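Descriptive analysis of the structure
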Amino acid sequence: MANNEAQLHAVPSEEEAAGQQRFDKIIQEDSRIEPRDWMPEGYRKTLTRQVSQHAHSEIIGMQPEANWITRAPSLKRKSILIAKVQDEAGHGLYLYSAAETLGTPRDTLNDQLLEGKAKYSSIFNYPARTWADMGAIGWLVDGAAICNQVPLCRTSYGPYGRAMVRICKEESFHQRQGWEILYELSHGTEEQKQMAQDAVNRFYGPALQMFGPPDADSPNSKQSMAWNIKRFSNDELRQRFVDMIVPQVEALGLTLPDPDLKWNEERGHYDFGELDWDEFKSVIRGNGPCNAQRMERRIEAHEEGAWVREAAAVYAAKQAQKKAEVA
Ligand SMILES: [Fe+2]
Ligand SMILES: [Fe+2]
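Residues numbered from 1 in each chain as written. Chains lettered and ligands numbered in written order. Predicted model: local features only at pLDDT ≥ 70, side-chain atom pairs only at ≥ 80, totals over all residues. Heavy atoms only, no water.

The protein carries the name 1,2-phenylacetyl-CoA epoxidase subunit PaaA in an unreviewed UniProt entry, which gives Micrococcoides hystricis as its organism.

Set out below in structure tokens:
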């Protein structure tokens, strides 16, 4: 029996072979895979991991900014920040829904996060120390997210690509509001300008690391690009981001904390210095300044929300029963 089963798995069934053929054709035509289509297990696994990690990042990413809602300097700033944090919750929800269409229930994905088995973007393990950090996060972190995510609107998995379209529109507002916070500070008092510069200094390196390790250390990227999940490599996107923010930082009247940053006429791009990859790895391993705090807070919020989930489940069951009775 066991042998037969192993054999069944080793030799693709006719149905599987046809599925693979159809899948390859869709990818080759640069068209879209939809939830009911046959897909290779590796494609499903890679996407489930990527989309759920993306969802976790949106949810954990609410924390550093939510921390400043009560201390926003004006009612206008407060309402903008509340709206932004709420957008991030929405991004998490679209992405969990997209991830679920690949077959893993949301509860399982959520457990993976709470049990520390799933990753989220390491940028959110850095603290937001001053009000200017709201500016630097919006401008640099949401800015890097846009560079990463605009090409994902054309990713080969339909539900992920469609979720990204709306997310990107909202992210561009986020980046704009961050830039505007920094602009006001950098054109304010000397102390405010210093606060803005300090925030940019702290977030620049970690924001560049959001694109992931250098291409040479990113072994899975090749397969993701072959499947049209990813459209550009980590280093290509990082370069695009640097090229985008240099004129923006000049318009802000601030500087980027990199002495090696300079225009390269030959390449037609800005050269920039090596990033601290040891720090990056250490933060991913859980040793960043806020890893423990972020997880504690997430677990606490999940437990505090238990009654909401229970009430929603009871309500759904009641509605289903009513429907059944009518039928
Ligand atoms: Fe977001
Ligand atoms: Fe955002």
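Now that the structure is up, let's keep going.
**Digging into the packing of helix H5 (residues 75-100) against helix H8 (residues 158-186)**
Heads up, the condition is: A fitted line through C-alpha atoms represents every axis, and for helices the fit uses only the stretch in contact; the resulting angles, taken between N-to-C directions, go from 0 to 180 degrees. Helix numbering and strand numbering both begin at the N terminus, where a helix is a DSSP run of H or I of at least 4 residues and a strand a DSSP run of E of at least 2. Here is the rule for angles: anything less than 35 degrees is roughly parallel, anything more than 145 is roughly antiparallel, 65 through 115 is roughly perpendicular, and the remaining ranges are oblique. Two helices crossing with the near one rotated counterclockwise from the far one by less than a right angle form a left-handed crossing, whereas a clockwise rotation gives a right-handed crossing. Nonpolar residues are Ala, Val, Leu, Ile, Met, Phe, Trp, Tyr, Cys and Pro. Charged residues are Asp, Glu, Lys and Arg, and all others, Gly as well, are polar.
Their axes nearest at 10 Å, the elements H5 and H8 cross at an angle of 160°. Between H5 and H8, the angle falls in the class roughly antiparallel. Of the two possible hands of crossing, H5 and H8 adopt the one that is left-handed. Split by residue class, the contact of H5 with H8 holds ten nonpolar, three polar and nine charged.

**A few points about the coordination of the iron ion (ligand 2)**
Condition: Nitrogen, oxygen and sulfur within 2.8 Å of a metal are treated as its donors, or within 3.2 Å for sodium, potassium and calcium (Na, K, Ca); water is not counted, so a site can appear incomplete. Note on geometry labels: four donors, all angles 85 to 135 degrees, give tetrahedral; four donors become square planar and six octahedral when opposite donors are over 155 degrees apart and every other angle is between 65 and 115; remaining cases are irregular.
Surrounding the iron ion (ligand 2) are the protein donor atoms Glu 88 (OE), Asp 142 (OD), Glu 171 (OE) and His 174 (ND1), which sit 1.9 to 2.2 Å from the metal. Coordination geometry of the iron ion (ligand 2): the four donor atoms subtend angles of 88 to 159° at the metal centre, consistent with an arrangement described as irregular. All donor residues of the iron ion (ligand 2) come from one chain, and their arrangement in sequence is E-x53-D-x28-E-x2-H. The metal-metal distance between the iron ion (ligand 2) and the iron ion (ligand 1) is 3.4 Å, with Glu 88 coordinating both.

**Some words on the coordination of the iron ion (ligand 1)**
Every protein donor of the iron ion (ligand 1) is listed here as Glu 58 (OE), Glu 88 (OE), His 91 (ND1) and Glu 171 (OE), and their distances to the metal cover 2.0 to 2.2 Å. Considering all four donor atoms around the iron ion (ligand 1), the spread of angles at the metal, 86 to 142°, places the coordination shape in the irregular class.

**A word on the packing of aromatic side chains**
For clarity, the cut-off: Only the six-membered ring of Trp is used, alongside the rings of Phe and Tyr, when aromatic pairs are assigned; centres must lie within 6.5 Å, and planes under 30 degrees apart are stacked while those over 60 apart are edge-to-face, with the rest tilted. Each residue's exposure class comes from its accessible area (1.4 Å probe, protein chains only) as a fraction of the maximum for that residue type: buried when under 20%, exposed when over 50%, partly exposed otherwise.
Throughout the structure, instances matching the rule amount to eight aromatic pairs. Between the aromatic rings of Phe 23 and Trp 38, the centroid separation amounts to 6.5 Å while the plane-to-plane angle is 80°, which identifies the pairing as edge-to-face. Taken as a pair, Phe 23 in helix H2 (residues 14-28) and Trp 38 in the loop between H2 and helix H3 (41-60) lie far apart in primary sequence, 15 residues in all. Given a relative accessible area of 30%, Trp 38 falls into the partly exposed group. Between Trp 277 and Phe 280 the ring centres are 5.1 Å apart and the planes differ by 90°, which places this aromatic pair in the edge-to-face class. In this pair, Trp 277 and Phe 280 both sit in helix H12 (residues 277-287), three residues apart, roughly one turn of the helix. A relative accessible area of 9% means that Phe 280 is categorised as buried.

**Regarding helix H7 (residues 132-149)**
Put simply, the test is: Any helix carries an expected span of 1.5 Å times its number of residues minus one.
Over its 18 residues, H7 extends 25 Å from the first C-alpha to the last, a length consistent with the 26 Å expected when each residue adds 1.5 Å. With 17 of 18 residues buried, H7 lies mostly within the body of the structure.

**With respect to the packing of H7 against helix H9 (residues 190-209)**
For the record, the criterion: Throughout, a residue-residue contact means that at least one pair of heavy atoms, one from each residue, lies within 4.5 Å.
Packing of H7 against H9 brings their axes to within 8 Å, and their N-to-C directions diverge by 30°. As the angle between them shows, H7 and H9 are arranged roughly parallel. Crossing of H7 against H9: the hand is right-handed. Contact residues: Ala 132, Asp 133, Ala 136, Ile 137, Trp 139, Leu 140, Val 141 and Ala 144 in H7; Met 195, Ala 196, Ala 199, Val 200, Arg 202, Phe 203, Tyr 204 and Ala 207 in H9. Its residues placed into classes, the contact of H7 with H9 shows 14 nonpolar, no polar and two charged.

**Focus: the confidence of the model for the protein**
Applicable threshold: The predictor's confidence in any single residue is recorded as pLDDT, a number from 0 to 100.
When pLDDT is averaged along the protein, the result is 94; 97% of the residues meet or exceed 70. This stretch, residues 1-7, has a pLDDT under 50; its non-local contacts, to residues over four places away or in other chains, come to zero contacts.

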